[in-house]
Amino acid sequence: MDQQNPQWYIGRRYVYSRVKPDHIKAPYFRYNDGIKLPTPGVKPKFYPPSYKRIQLSESLDPRLKQVGLLQCLETRRSQRTFGPHVINLDELASILSPSLGKSGTFYGADPQGNEVKAVGFDGTSYPAPGGLYSCTTYVIYRETEGGPHVGYYFDQVKRQLVQINSNVDLISTLVSGAEWAAKASAIVVICAWYGRIAEKYGAHSYRKSFIEAGHIGQNVALCATALGLKQVPLAGFDFQRLAAQLDLLETEETPIYSVVMGK
């Protein structure tokens, strides 16, 4: 068994529940050895107040409730031809907020509901290894027809888009054969931040981040389908150039997956 992965001895000894025991100030420790691990929960990146921000609406498009999950699963198809019309901010909010949004506070408890040494943390609508949420999400968005693609970081706790690049050169980042994506209205870029889970999962952090990114990508694709938008998953980027355009933290954040959307 891999000693780099402490899950082999704690993985089945505790679970997280929505029950709130009286221990919310207790630190988060491994089950037996008392070694402190990263605290579970979503940890947004910090950007200075000088960065332009767009506050997304908390109201969601009613079509999300009108269209059933089974219908979305049956009708979701990859479509690579996009027209000139753009996705508006309300539609974008109705994709990002449910796909990555907060879904309650969780507290540490064992399977019998007994208190364990843990802290409360914010959960989201997608599962993440250890509740550590190793993925960060960016949006390349064209708000007007013929306008530039602007790069944003998505703060999923505050529901804000933080502008980091006023003109993303998509053509230079796309690999041969994926030039059609430059006509998209929005691209959700999912990045892995391995350092957030490396202390707990060691060498397994790489594949666990990929699994988490897949959960997010599926959420985004299904929400876009419910809104009648065209979408297609894409990994055809020059990842180094894309990382430079989105000002990602060198050696820490790696683009691994995206969902391209348009009308």
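Residues numbered from 1 in each chain as written. Predicted model: local features only at pLDDT ≥ 70, side-chain atom pairs only at ≥ 80, totals over all residues. Heavy atoms only, no water.

A.B. asks: I tried to follow the overall build of the chain on my own but got confused; where do I start?
C.D. replies: Along the backbone of the chain there are 8 helices and 10 strands. The buried share of the chain, reckoned over its 263 residues, is 52%. Only carbon and sulfur atoms are counted for the fraction: they give 52% of the accessible area of the chain, which is about 12900 Å². (Helix = DSSP H or I, 4+ residues; strand = E, 2+ residues; numbered from the N terminus. Buried < 20%, exposed > 50% of the residue type's maximum accessible area, 1.4 Å probe, protein only. Areas by Shrake-Rupley, 256 points an atom, 1.4 Å probe, with all protein chains shown as cover.)

A.B. asks: Sorry if this is basic, but what is going on with a nonpolar patch on the surface here?
C.D. replies: Among the surface-exposed residues, L69, L70 and L73 lie close enough to one another that they form a single nonpolar patch of about 310 Å² accessible area. In this fold, L73 is placed in helix α3 (residues 69-75). Of the residues examined, L73 reaches a relative accessible area of 42% and is grouped as partly exposed. (Patch = residues over 30% accessible without salt bridge, like charges linked within 9 Å, V, L, I, M, F, W, Y side chains within 5 Å. Salt bridge = Lys/Arg side-chain N within 4 Å of Asp/Glu carboxyl O.)

A.B. asks: Can you walk me through the nonpolar core in this structure?
C.D. replies: Soluble globular proteins: nonpolar side chains tend toward being buried together. L92, I95, L96, L161 and M261 are the most contacted members of the largest nonpolar core, which has 34 residues in total. Counting residues per element, the ones that place at least two in this core are α4 (89-100), β5 (135-141), β6 (150-155), β8 (186-193), α7 (205-226) and β10 (253-262). The contacts of M261, once residues within four sequence positions are left out, are F82, I87, L92, I95, A184, S185, A186, V188, V220, A224, K230 and Q231. A178, A181, A184 and L234 belong to the second-largest nonpolar core, a separate cluster that totals 26 residues. (Core = buried A, V, L, I, M, F, W, Y, C linked by side-chain atoms within 4.5 Å. Contact = heavy atoms within 4.5 Å.)

A.B. asks: Before we go on, may I ask you to explain the packing of aromatic side chains in this structure?
C.D. replies: Geometry of an aromatic ring pair is reported as the spacing of the ring centres plus the angle between the planes. The tally for this structure, following the rule as stated, stands at 7 aromatic pairs. With centroids separated by 5.3 Å and ring planes inclined at 40°, the aromatic side chains of Y47 and Y153 adopt a geometry described as tilted. Of this pair, Y47 sits in the loop between β1 (15-17) and β2 (53-55) while Y153 is found in strand β6, placing the two residues 106 residues apart along the sequence. Taking relative accessible area as the criterion, Y47 reaches 8% and is therefore assigned buried. Pairing F82 with W180 gives two aromatic rings, centres 6.3 Å apart and planes at 35°, and the pair type is tilted. Here W180 lies in the loop between α5 (170-173) and β8 and F82 lies in the loop between α3 and α4, a separation of 98 residues in the sequence. Using a relative accessible area of 18% as the deciding quantity, one classes W180 as buried. (Phe/Tyr/Trp six-rings, centres within 6.5 Å; stacked < 30°, edge-to-face > 60°.)

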